[in-house]
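# Architecture at a glance
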Amino acid sequence: NWGEIHEVANKHVYEACLLQCLLDQNELCGYTEMKLDGAAQIHIDHYIKRDLAPQLTFEWSNMVAAIKDNRFGADFKDNNIHLAGYDKSNHTYTNAYNPITDDMVGVFVFSTDGGIEPSDKTDVKALGTIALFNLDDDELKMRRRDCMEAVRSLRKGGLTDQEIYNILSPGGFISAMEYEIKQKG
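Residues numbered from 1 in each chain as written. Predicted model: local features only at pLDDT ≥ 70, side-chain atom pairs only at ≥ 80, totals over all residues. Heavy atoms only, no water.

The tally for this structure, following the rule as stated, stands at 14 salt bridges. One salt bridge connects E139 with R143, and the closest N-O pair in it is separated by 3.0 Å. Of this pair, E139 and R143 both sit in helix α4 (residues 138-156), separated by four residues, roughly a single helical turn. Judged by its relative accessible area of 18%, E139 falls in the buried class. D161 is paired through a salt bridge with R155; the nearest N and O atoms lie 2.8 Å apart. The partly exposed category is assigned to D161, whose relative accessible area is 22%. When its relative accessible area of 18% is taken as the criterion, R155 is described as buried. Taken together, the salt bridges that share partners define one network made up of D69, R71, E139 and R143. (Salt bridge = Lys/Arg side-chain N within 4 Å of Asp/Glu carboxyl O. Helix = DSSP H or I, 4+ residues; strand = E, 2+ residues; numbered from the N terminus. Buried < 20%, exposed > 50% of the residue type's maximum accessible area, 1.4 Å probe, protein only.)

The structure is reproduced here in C-alpha coordinates:
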(Lines give C-alpha, C1' and ligand atoms only; values in the text may rest on other atoms or scores of the structure.)
Protein backbone atom coordinates (compact mmCIF):
# COMPACT_ATOMS: atom_id res chain seq x y z
CA ASN A 1 0.00 0.00 0.00
CA TRP A 2 1.01 3.63 -0.47
CA GLY A 3 1.67 4.14 3.24
CA GLU A 4 4.42 1.51 3.15
CA ILE A 5 6.33 3.44 0.50
CA HIS A 6 6.96 6.17 3.10
CA GLU A 7 8.40 3.82 5.72
CA VAL A 8 12.12 4.13 6.37
CA ALA A 9 12.88 0.74 4.77
CA ASN A 10 11.05 1.71 1.57
CA LYS A 11 11.78 5.45 1.44
CA HIS A 12 14.27 4.87 -1.38
CA VAL A 13 11.42 3.60 -3.59
CA TYR A 14 9.41 6.78 -3.04
CA GLU A 15 12.48 8.94 -3.63
CA ALA A 16 13.30 7.09 -6.86
CA CYS A 17 9.73 7.52 -8.10
CA LEU A 18 9.76 11.23 -7.22
CA LEU A 19 13.10 11.70 -8.96
CA GLN A 20 11.79 10.01 -12.11
CA CYS A 21 8.67 12.19 -12.08
CA LEU A 22 10.87 15.26 -11.73
CA LEU A 23 13.05 14.15 -14.64
CA ASP A 24 10.00 13.38 -16.79
CA GLN A 25 8.50 16.79 -16.00
CA ASN A 26 11.73 18.80 -16.44
CA GLU A 27 11.56 19.63 -12.73
CA LEU A 28 8.26 21.49 -13.18
CA CYS A 29 5.05 20.97 -11.24
CA GLY A 30 2.79 18.85 -13.40
CA TYR A 31 -0.18 21.09 -12.66
CA THR A 32 1.12 24.65 -12.31
CA GLU A 33 4.42 24.54 -14.28
CA MET A 34 6.20 26.10 -11.28
CA LYS A 35 9.86 25.18 -10.95
CA LEU A 36 10.28 22.40 -8.40
CA ASP A 37 13.60 22.89 -6.70
CA GLY A 38 15.10 22.12 -3.34
CA ALA A 39 13.34 25.05 -1.70
CA ALA A 40 9.84 23.96 -2.68
CA GLN A 41 7.80 21.39 -0.79
CA ILE A 42 7.11 18.74 -3.39
CA HIS A 43 5.47 15.35 -3.40
CA ILE A 44 4.04 12.70 -5.67
CA ASP A 45 0.39 13.43 -6.27
CA HIS A 46 -2.07 10.94 -7.65
CA TYR A 47 -3.98 12.70 -10.42
CA ILE A 48 -6.90 10.36 -9.82
CA LYS A 49 -7.16 10.33 -6.04
CA ARG A 50 -6.27 7.03 -4.42
CA ASP A 51 -9.59 6.81 -2.59
CA LEU A 52 -11.44 7.10 -5.94
CA ALA A 53 -9.35 4.46 -7.72
CA PRO A 54 -7.05 2.52 -5.37
CA GLN A 55 -6.07 0.23 -8.25
CA LEU A 56 -4.28 3.20 -9.88
CA THR A 57 -2.09 3.90 -6.84
CA PHE A 58 1.06 2.49 -8.43
CA GLU A 59 0.21 3.30 -12.06
CA TRP A 60 2.97 5.49 -13.46
CA SER A 61 0.43 7.37 -15.57
CA ASN A 62 -1.30 8.50 -12.35
CA MET A 63 1.73 9.96 -10.55
CA VAL A 64 2.63 13.63 -10.82
CA ALA A 65 5.41 15.57 -9.13
CA ALA A 66 3.62 18.56 -7.65
CA ILE A 67 4.18 21.47 -5.32
CA LYS A 68 2.41 21.38 -1.97
CA ASP A 69 0.27 24.48 -1.60
CA ASN A 70 -3.35 24.76 -0.47
CA ARG A 71 -4.03 27.67 -2.84
CA PHE A 72 -3.42 25.84 -6.13
CA GLY A 73 -2.26 22.62 -7.77
CA ALA A 74 -2.50 19.20 -6.16
CA ASP A 75 -3.65 20.20 -2.69
CA PHE A 76 -6.29 22.53 -4.12
CA LYS A 77 -7.48 19.70 -6.41
CA ASP A 78 -7.73 17.27 -3.52
CA ASN A 79 -9.76 19.78 -1.48
CA ASN A 80 -12.07 20.58 -4.41
CA ILE A 81 -12.33 17.24 -6.18
CA HIS A 82 -16.10 17.70 -6.62
CA LEU A 83 -15.23 20.13 -9.44
CA ALA A 84 -13.70 17.30 -11.46
CA GLY A 85 -16.73 15.10 -12.19
CA TYR A 86 -15.17 11.66 -11.75
CA ASP A 87 -16.10 8.99 -14.34
CA LYS A 88 -15.64 5.74 -12.43
CA SER A 89 -15.92 3.47 -15.49
CA ASN A 90 -13.07 5.22 -17.37
CA HIS A 91 -11.06 6.44 -14.36
CA THR A 92 -11.06 10.00 -15.65
CA TYR A 93 -12.28 13.39 -14.57
CA THR A 94 -14.92 14.52 -17.03
CA ASN A 95 -14.37 18.22 -16.35
CA ALA A 96 -10.57 18.45 -16.51
CA TYR A 97 -7.63 17.57 -18.69
CA ASN A 98 -5.08 15.04 -17.48
CA PRO A 99 -1.66 16.72 -17.71
CA ILE A 100 0.02 13.32 -17.90
CA THR A 101 -1.86 11.85 -20.83
CA ASP A 102 -3.70 14.68 -22.61
CA ASP A 103 -2.09 16.87 -25.26
CA MET A 104 -2.67 20.35 -23.93
CA VAL A 105 -0.67 22.33 -26.49
CA GLY A 106 -2.70 25.37 -27.46
CA VAL A 107 -5.49 24.67 -24.95
CA PHE A 108 -4.85 27.87 -22.98
CA VAL A 109 -4.10 31.50 -23.76
CA PHE A 110 -2.56 34.03 -21.40
CA SER A 111 -3.20 37.70 -20.78
CA THR A 112 -0.44 40.23 -20.13
CA ASP A 113 -1.31 40.18 -16.42
CA GLY A 114 -0.55 36.43 -16.35
CA GLY A 115 -4.17 35.33 -16.37
CA ILE A 116 -5.06 32.03 -18.00
CA GLU A 117 -8.16 31.09 -19.97
CA PRO A 118 -9.19 28.51 -22.55
CA SER A 119 -8.22 29.29 -26.13
CA ASP A 120 -11.71 27.99 -26.99
CA LYS A 121 -14.19 29.67 -24.63
CA THR A 122 -16.54 26.68 -24.99
CA ASP A 123 -13.91 24.13 -23.90
CA VAL A 124 -15.52 22.82 -20.71
CA LYS A 125 -12.49 20.67 -19.84
CA ALA A 126 -10.13 23.65 -20.10
CA LEU A 127 -12.40 25.73 -17.87
CA GLY A 128 -12.62 22.80 -15.48
CA THR A 129 -8.85 22.37 -15.41
CA ILE A 130 -8.36 26.02 -14.47
CA ALA A 131 -10.95 25.66 -11.69
CA LEU A 132 -9.75 22.26 -10.44
CA PHE A 133 -6.16 23.42 -9.95
CA ASN A 134 -6.98 27.11 -9.30
CA LEU A 135 -4.59 28.08 -12.08
CA ASP A 136 -5.77 31.69 -11.97
CA ASP A 137 -4.47 32.14 -8.42
CA ASP A 138 -2.86 35.55 -7.91
CA GLU A 139 0.61 34.11 -7.19
CA LEU A 140 0.55 31.99 -10.34
CA LYS A 141 -0.69 34.96 -12.37
CA MET A 142 2.12 37.14 -11.01
CA ARG A 143 4.77 34.55 -11.82
CA ARG A 144 3.43 34.01 -15.34
CA ARG A 145 3.25 37.78 -15.85
CA ASP A 146 6.89 38.13 -14.78
CA CYS A 147 7.91 35.36 -17.17
CA MET A 148 6.03 36.96 -20.05
CA GLU A 149 7.52 40.39 -19.27
CA ALA A 150 10.97 38.78 -19.33
CA VAL A 151 10.23 37.44 -22.82
CA ARG A 152 9.31 40.93 -24.02
CA SER A 153 12.36 42.49 -22.37
CA LEU A 154 14.78 39.93 -23.80
CA ARG A 155 13.22 40.34 -27.23
CA LYS A 156 13.72 44.12 -27.02
CA GLY A 157 17.33 43.36 -26.10
CA GLY A 158 17.75 41.62 -29.44
CA LEU A 159 17.71 37.98 -28.39
CA THR A 160 16.23 35.36 -30.68
CA ASP A 161 13.23 33.28 -29.70
CA GLN A 162 15.47 30.25 -29.19
CA GLU A 163 17.86 32.23 -26.97
CA ILE A 164 14.91 33.50 -24.94
CA TYR A 165 13.56 29.97 -24.58
CA ASN A 166 16.96 28.65 -23.50
CA ILE A 167 17.33 31.37 -20.87
CA LEU A 168 13.82 31.27 -19.41
CA SER A 169 12.68 27.65 -19.72
CA PRO A 170 14.56 26.42 -16.64
CA GLY A 171 12.47 28.83 -14.55
CA GLY A 172 9.11 27.24 -15.34
CA PHE A 173 5.84 28.50 -16.77
CA ILE A 174 6.72 27.08 -20.18
CA SER A 175 3.22 27.45 -21.64
CA ALA A 176 3.00 31.16 -20.80
CA MET A 177 6.54 31.73 -22.07
CA GLU A 178 5.89 29.90 -25.34
CA TYR A 179 2.60 31.75 -25.77
CA GLU A 180 4.34 35.10 -25.33
CA ILE A 181 7.16 34.12 -27.70
CA LYS A 182 4.56 33.34 -30.39
CA GLN A 183 2.95 36.76 -30.00
CA LYS A 184 5.84 38.48 -31.86
CA GLY A 185 4.73 41.84 -30.60
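Now, onward.
A word on helix α6 (residues 174-183). Within the sequence span of α6, burial applies to I174, A176, M177, E180 and I181. Across the axial projection of α6, the buried residues extend over an arc of 165°, all falling on one side. Packed against the buried residues of α6 are β5 (108-110), α4 and α5 (161-168). Downstream of α6 by a residue or two, K184 has a phi angle that is positive, lying close to 55°. (Arc of directions from axis to C-beta. Contact = heavy atoms within 4.5 Å.)

Quick look at the packing of aromatic side chains now. Under the definition given, this model contains six aromatic pairs. Relative to F133, the ring of Y31 lies with its centre 4.3 Å away and its plane at 15°, an arrangement referred to as stacked. On the criterion of sequence distance, the pair formed by Y31 in the loop between α1 (11-24) and β1 (42-46) and F133 in helix α3 (residues 124-133) is long-range, its members being 102 residues apart. Assessed through its relative accessible area of 7%, Y31 is described here as buried. Ring centres 5.0 Å apart and planes at 70° place the aromatic pair Y47 and Y93 in the edge-to-face group. Separated by 46 residues along the polypeptide, Y47 in the loop between β1 and β2 (63-67) and Y93 in strand β4 (residues 92-93) bring together distant segments of the chain. When sorted by exposure, Y47 lands in the same class as Y93, which is buried. (Phe/Tyr/Trp six-rings, centres within 6.5 Å; stacked < 30°, edge-to-face > 60°.)

Moving on, we get to the pairing of β2. The buried fraction of β2 amounts to five of the five residues, a majority that puts the element mostly inside the structure. Alternating residues of β2 divide into M63, A65 and I67 and V64 and A66, and every residue in both groups is buried. Bridge count between β1 and β2: five bridges; the pairing is antiparallel. Pairing of H46 across the sheet is with M63, part of β2. (Pairing = 2+ DSSP bridges.)

Within the secondary structure, N62 is located in the loop between β1 and β2. With a relative accessible area of 3%, N62 lands in the buried category. Setting aside its immediate chain neighbours within four residues, N62 contacts D45, H46, Y47, I48, L56 and I100.

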